[in-house]
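# Structural description and commentary
Read off the chains here:
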Amino acid sequence: CRILCRILEHGSMEDHSTVLLLDEVLRDSAKLSWNPFGNYVVRHVLEHGLEVHKMQVARALSSNLEGYARHPYGSRVVEAALQFCQMQD
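Computed from a predicted structure; not experimentally measured.

## Details of the environment of Val-77
Structurally, Val-77 can be placed in helix 7 (residues 74–84). According to the relative accessible area criterion, Val-77 is buried, its value standing at 0%. For the pair Val-77 and Cys-5, spaced 72 residues apart in sequence, the C-alpha separation works out to 14 Å.

Laid out in structure tokens, this is it:
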């Protein structure tokens, strides 16, 4: 969790391996949003990731937005999505 967060904070999103890593991690973004540690990774993706990654998270959240908003960890991800995503996401 912490390693992925630091890669997002200090790494380059132009690095192909970083983008591939995020693609792999975000396949489970819905599950990670419920997780006590995974939600940090998803929130960092929303803050530091590419637009395509933000859209991927937004789509995952939209499948059960009310459920995420009511969940202790999911609500933090929803809050980050509202802060860092564009309206069209």
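## Brief notes about the pattern of salt bridges
The final tally for this structure, using the stated rule, is 4 salt bridges. One salt bridge connects Arg-27 with Glu-24, and the closest N-O pair in it is separated by 3.1 Å. For Lys-54, the salt bridge goes to Glu-51, with nearest N and O atoms at 3.6 Å. In this pair, Lys-54 and Glu-51 are both assigned in helix 5 (residues 51–62), 3 residues apart and thus about one turn of the helix distant. Classification of Lys-54 by relative accessible area gives buried; the value is 9%.

## Topic: the packing of helix 4 (residues 38–48) against helix 7
In helix packing, the relevant descriptors are the interaxial angle and the interaxial distance, both defined with respect to the helix axes. Interaxial distance between helix 4 and helix 7 falls to 9 Å at its minimum, and their mutual angle equals 5 degrees. Put simply, helix 4 runs roughly parallel to helix 7. For the pair helix 4 and helix 7, contact is made by Asn-39, Tyr-40, Val-42, Arg-43, Leu-46 and Glu-47 and by Arg-76, Val-77, Ala-80, Ala-81 and Phe-84, respectively. For the contact of helix 4 with helix 7, the residue count by class is 7 nonpolar, 1 polar and 3 charged.

Rules and cut-offs
- Residues numbered from 1 in each chain as written.
- Predicted model: local features only at pLDDT ≥ 70, side-chain atom pairs only at ≥ 80, totals over all residues.
- Heavy atoms only, no water.
- Helix = DSSP H or I, 4+ residues; strand = E, 2+ residues; numbered from the N terminus.
- Buried < 20%, exposed > 50% of the residue type's maximum accessible area, 1.4 Å probe, protein only.
- Salt bridge = Lys/Arg side-chain N within 4 Å of Asp/Glu carboxyl O.
- Axes fitted to C-alpha atoms, helices over the stretch in contact; angles between N-to-C directions.
- Parallel < 35°, antiparallel > 145°, perpendicular 65-115°, else oblique.
- Contact = heavy atoms within 4.5 Å.
- Nonpolar A, V, L, I, M, F, W, Y, C, P; charged D, E, K, R; others polar.

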